[in-house]
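Breakdown of the fold
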Amino acid sequence: MTMSGIHAPVRFFLGANTPGGFVGYIDDLYDAKDGWQAYIIKSGPGTGKSSLMRAVLDKLTDLGQEAEVICCSSDPNSLDGVLFPAMKMCILDGTAPHVIEPSYWGAVEQIIPLASCMDTALLHRQAPAVIAATDANKAMHARCRKFLGAAASLIGDSTRIAAECTDEAKAVRCAARIAAREFGPLSETPGREKRRFLSAVTPDGLITFHETLQALCPRIYAVEDDYGAASRLFFTELPPRALPAGLDIITCACPLAPYDKIEHLLVPSLGLGFTTSNPWHKADFPVYRRIHAARFTDAEKLRLKRQLLSFNRRAARELLGEAVAISAEAKALHDKMEQFNIAAMDWQQAEDITRSTATLFAAAALGAAEA
């Protein structure tokens, strides 16, 4: 997938719509006690937040800075943030549903007040229409979550069925062997875990940023698992073996089960990645090694459940398709919300803020290069 005007190879989602509501890993974006500076944009939809971040991104990539782009799962062509790890600087959308508030005002975080460019008197006169569009958008997201929950229930049922046919000990031993070979000995200093979403249910469909995995991890293990039983065991085993080895990792959860199912794990320092390949996000590109769940599975026993498994997959696909359609309706309502703010903005003032912010980041990048 290519976003308009953006060609960054490293992209994640800040958060995702899940059966239990919006889940985002805001606390993992920057480390206030490790020298980071965070610029947080506060303003409403359609007020130029994404454009401001694009301007900073373009300016710094032109200067050779590597960036991590954080996309919006409600609109993958829109930005929720941009991180520049080498500079320890980031610029983020700090408004709902991923609200970010400064903890160390000025010392770490600064607010970019795009909201100051809004004609609030005009918006107040339109308050009933603004409130109606906003509430309708929220209701649409709530409806989407019901379909996500129903799909997750069916996919989870298939995982349960497959688990009854899986040799758990064999799958765990396989993961342990690979971890021992790849991660090395224990370290005096444990590694750190950073959480992201690599996949999301969006208005444009089910999207996985496989190019991020390929950019950060030249060597990829793909666990081929249609039902998720073996891969769940596999990915549960890896983080507690990587972190004691002193390795920093990026774990990417499944948006349908964000609290108990890791789908992708990246170890950038080793150029090593692990991904789940299944009907929802197929790893249909060259990988270092493929691990087939069939080697841990009693195929005959699983075959007896073929009819139910087939039904679950078809029904889940229909439900996810409906969730995508509802997400598109929610985006249309969000676009309507934007129109109120677009008409109420002082765009010259917003452009001045955008230019000064991009210049600030560029100066920091040039200063870092000279140092």
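Here the residue numbering is sequential within each chain, running from 1 through the sequence in written order. pLDDT decides what is reported in this predicted model: residues at 70 or higher carry local features, side-chain atom pairs at 80 or more are listed and counted, and totals for whole chains, interfaces and linings draw on all residues regardless. To obtain the side-chain values, all non-hydrogen atoms of the structure were included, while hydrogens and water were left out.

1. Digging into the sheet that holds strand β16 (residues 289–292)
Defined as follows: Two strands are counted as paired when DSSP detects at least two bridges linking them. Only DSSP runs of H or I with at least four residues qualify as helices, and only runs of E with at least two residues qualify as strands; both kinds are numbered from the N terminus onward. Here an angle of 0 to 180 degrees is reported between the N-to-C directions of two axes, which are lines fitted to C-alpha atoms, with helices fitted over the stretch in contact.
If you trace the 6 strands from one edge of the open sheet to the other, you get β9-β13-β14-β15-β12-β16, paired in mixed fashion. The outermost strands of the open sheet, each flanked by one partner alone, are β9 (193–196) and β16. Going across the sheet, the axis of each strand differs from the next one's by a mean of 30°, ignoring polarity. In this structure, strand β12 (residues 219–224) lies alongside strand β15 (residues 272–277), joined through 6 bridges in parallel fashion.

2. Here we look at the pattern of salt bridges
Rules: One side-chain nitrogen of Lys or Arg within 4 Å of one carboxyl oxygen of Asp or Glu is enough to make a salt bridge. Throughout, exposure labels follow a simple rule: accessible area from a 1.4 Å probe, protein chains only, divided by the maximum for the residue type, with under 20% read as buried, over 50% as exposed, and the rest as partly exposed.
Enumeration according to the criterion identifies 20 salt bridges in this entry. With a shortest N-O distance of 3.2 Å, Glu164 and Arg160 are connected by a salt bridge. Relative accessible area serves as the criterion here: at 45%, Glu164 is assigned to the partly exposed category. The class of Arg160 is partly exposed, set by a relative accessible area of 41%. Across the pair Glu182 and Arg219 runs a salt bridge, and its minimum N-O distance is 2.8 Å. Of this pair, Glu182 sits in helix α4 (residues 168–183) while Arg219 sits in strand β12, and the two are 37 residues apart along the sequence. Residue classification places Glu182 among the buried residues on the basis of a relative accessible area of 13%. Each member of the salt-bridge network shares a partner with another, and the members are Glu68, Lys194 and Arg196.

3. Some details on a positive patch on the surface
Just so we agree on the cut-off: Residues enter patches when they are more than 30% accessible in relative terms and free of salt bridges; like-charged ones are connected within 9 Å and nonpolar ones (Val, Leu, Ile, Met, Phe, Trp, Tyr) within 5 Å. Under the convention used here, a 1.4 Å probe and the Shrake-Rupley method define accessible areas, while residue burial counts only the protein chains that appear. The convention is simple: Lys and Arg are positive, Asp and Glu are negative, and His and the chain ends are not counted. The location of each charge is read from NZ of Lys, CZ of Arg, CG of Asp or CD of Glu.
There is a patch of like positive charges on the surface, built from Lys170, Arg173, Arg177, Arg181 and Arg295. By the element assignment, Arg181 lies in helix α4.

4. A word on the state of the cysteines
Disulfides are covalent bonds that connect the sulfur atoms of two cysteines. To keep things clear, this is the line we draw: By convention in this document, the label disulfide applies to cysteine sulfur atom pairs within 2.5 Å.
Counted under the stated rule, the structure contains 0 disulfides. You can see Cys217 has no disulfide; the closest cysteine sulfur is in Cys252, sitting 9.3 Å from it.

5. Digging into the sheet that holds strand β4 (residues 37–41)
Spatial strand order, β1-β5-β6-β7-β4-β8: 6 strands in an open sheet with mixed pairing. Edge positions in the open sheet fall to β1 (11–13) and β8 (109–112), since each of these has one partner strand only. Across the sheet, the mean angle separating the axes of adjacent strands is 30° when strand polarity is ignored. Sheet topology note: the β1/strand β5 (residues 68–72) ladder contains 3 bridges and is parallel. In the strand pairing of β5, Phe12 is matched with Ile70.

6. Here's the deal with the pairing of strand β6 (residues 75–84)
Burial of β6 is extensive: 8 of the 10 residues sit out of reach of the surface. Summarising the sheet, β5 and β6 pair through 5 bridges and their orientation is antiparallel. Along β6, the bridge assignment pairs Cys71 with Leu79. Hairpin connection, β5 to β6: the antiparallel pair is bridged by 2 residues. Across 4 bridges, the pairing between β6 and strand β7 (residues 89–93) is antiparallel. Following the sheet pairing, Gly81 is matched in β7 by Leu92. Connecting the antiparallel pair β6 and β7 is a turn made up of 4 residues, with Lys88 showing a positive phi of about 55°.

7. Side note on the packing of α4 against helix α6 (residues 229–237)
Stated precisely, the cut-off is as follows: Note that the term roughly parallel is reserved for angles under 35 degrees, roughly antiparallel for angles over 145, roughly perpendicular for angles of 65 to 115, and oblique for everything else. Whether a crossing is left-handed or right-handed is set by the direction in which the near helix is turned from the far one by less than a right angle, anticlockwise for left-handed and clockwise for right-handed. Any two residues having at least one pair of non-hydrogen atoms within 4.5 Å are treated as being in contact. Residue type decides the class: Asp, Glu, Lys and Arg count as charged, Ala, Val, Leu, Ile, Met, Phe, Trp, Tyr, Cys and Pro as nonpolar, and the leftover types, Gly among them, as polar.
Across the interface, α4 lies against α6 with an axial gap of 9 Å and an inter-helix angle of 40°. For the element pair α4 / α6, the angle class is oblique. Of the two elements, α4 crosses α6, and the hand of that crossing is right-handed. Facing Glu168, Ala171, Val172, Cys174, Ala175, Ala176 and Ile178 of α4, the residues of α6 in contact are Leu233, Phe234 and Glu237. Here the residues of the contact of α4 with α6 are counted per class, giving 8 nonpolar, no polar and 2 charged.

8. Structural notes on α4
In plain terms, the rule: Here the expected span of a helix is defined as 1.5 Å times the quantity of residues minus one.
Its 16 residues place the ends of α4 22 Å apart at the C-alpha level, agreeing with the 22 Å of an ideal helix rising 1.5 Å per residue. Buried residues of α4: Ala171, Cys174, Ala175, Ala176, Ile178, Ala179, Glu182 and Phe183, and no others. In this fold, the buried residues of α4 make contact with β12, α6, α7 (239–242), β14 (257–267), β15 and β16. Backbone geometry just after α4 places Gly184 at a positive phi near 80°.

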